[in-house]
Amino acid sequence: MNGLSREGIEDLRSPLARVVEVHDAVASTQELARKLARAGTPHGTLVVAGVQKGGRGRLGRHWGSPEGGLWMSLVLRPGLVAGHASRITQTAAVGVAGALWEIGVEARIKWPNDLLVGGKKICGILAESGVGPGGRLDYAILGIGMNANLDPSDLGVMDRGVTTIRHELGRDVDLLLLLGVVLSNLDATLARIEDFETVLDEWRNLNCTLGERVRVRRFGETIEGQAIDLTPEGALLLATPDGTVELFEGEIEQLGST
Ligand code: BTN
């Protein structure tokens, strides 16, 4: 399957791949990882699939996952208070963006965690968590969908807003090498999650949202404003004609710089 095997991944000796499952085809690695998490699998459990038949994106959207992509979910037990769960999503975006730069793809982060190249999405990140007793996170499932050795047209999405590593580099990449770079960057950024200001500084260096005019739909209304900065917990601060608005989650549309 795409050059990825359990033995090959175990040889990476990543602390994020202590337990490894590799499947040719599954409904969604996210669901498998959640089952493992609920059954008590340790921090650093990795589920990878060659194809996902029911890949899920944020907001319940379908995530096209044909052969050639890197479709993976990690079980993490970061020991965070539940109120800090949203840190995982931006921390992961910094780690995965760093991995893409390392292989020559100049990815930028669109708030909160979409990875884009030239405004087109190359990777999606989905972080979901389960809370345990005492208000701490029991586990987080970090799903990463990397459009790797594919043509944009393989992804079956109608809009032109997607790209792939093959398209950007003009060649395919070794998925095991890519996975190794992703895991080592993630491990390094996740280690700093308690020092979230430094993660957000890197996020700021890599982002393509701050300074842009954005539109967001929430609670049945549409808000437009200029993205000015992040709060210490990573919420987006929008300057609007009615004052500053904090966005904690959601999907923004970037309208360009002013
Ligand atoms: C997004 O909407 O941008 C997030 C997409 C996340 C897709 C990945 S692919 C591996 C994992 N399994 C899923 O079903 N979803 C995530």
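Preceding this section is the structure that the text describes.
Residues numbered from 1 in each chain as written. Predicted model: local features only at pLDDT ≥ 70, side-chain atom pairs only at ≥ 80, totals over all residues. Heavy atoms only, no water.

1. Some words on helix 3 (residues 87-102)
Move 1: Taking 1.5 Å as the rise per residue, helix 3 with 16 residues should run 22 Å; its terminal C-alpha atoms sit 23 Å apart, in good agreement.
Move 2: Burial of helix 3 is extensive: 13 of the 16 residues sit out of reach of the surface.
Move 3: Residue Gly-104 follows helix 3 closely and has a positive phi angle near 100°. (Helix = DSSP H or I, 4+ residues; strand = E, 2+ residues; numbered from the N terminus. Expected span 1.5 Å × (residues − 1). Buried < 20%, exposed > 50% of the residue type's maximum accessible area, 1.4 Å probe, protein only.)

2. Regarding the side chain of Thr-231
Move 1: Positionally, Thr-231 belongs in the loop between strand 9 (221-230) and strand 10 (236-240).
Move 2: Thr-231 has contacts with Leu-200, Leu-237 and Glu-246, leaving out every residue within four places of it along the chain. (Contact = heavy atoms within 4.5 Å.)

3. Focus: the sheet that holds strand 4 (residues 108-110)
Move 1: With mixed pairing, the 7 strands of this open sheet are ordered in space as 1-2-3-7-6-5-4. In this open sheet, the two strands that pair with only one neighbour each are strand 1 (19-26) and strand 4. When strand polarity is set aside, the average angle formed by the axes of neighbouring strands in this sheet is 20°.
Move 2: Pairing between strand 1 and strand 2 (residues 45-52): 7 bridges, direction parallel. Bridge assignment links Ala-25 to a residue of strand 2, and that residue is Val-51.
Move 3: Packed onto the sheet, helix 5 (residues 175-190) meets strand 2, strand 3 (70-76) and strand 7 (137-146) and runs at close to 30° relative to strand 3. (Pairing = 2+ DSSP bridges. Axes fitted to C-alpha atoms, helices over the stretch in contact; angles between N-to-C directions.)

Honestly, it's all geometry; don't read function into it.
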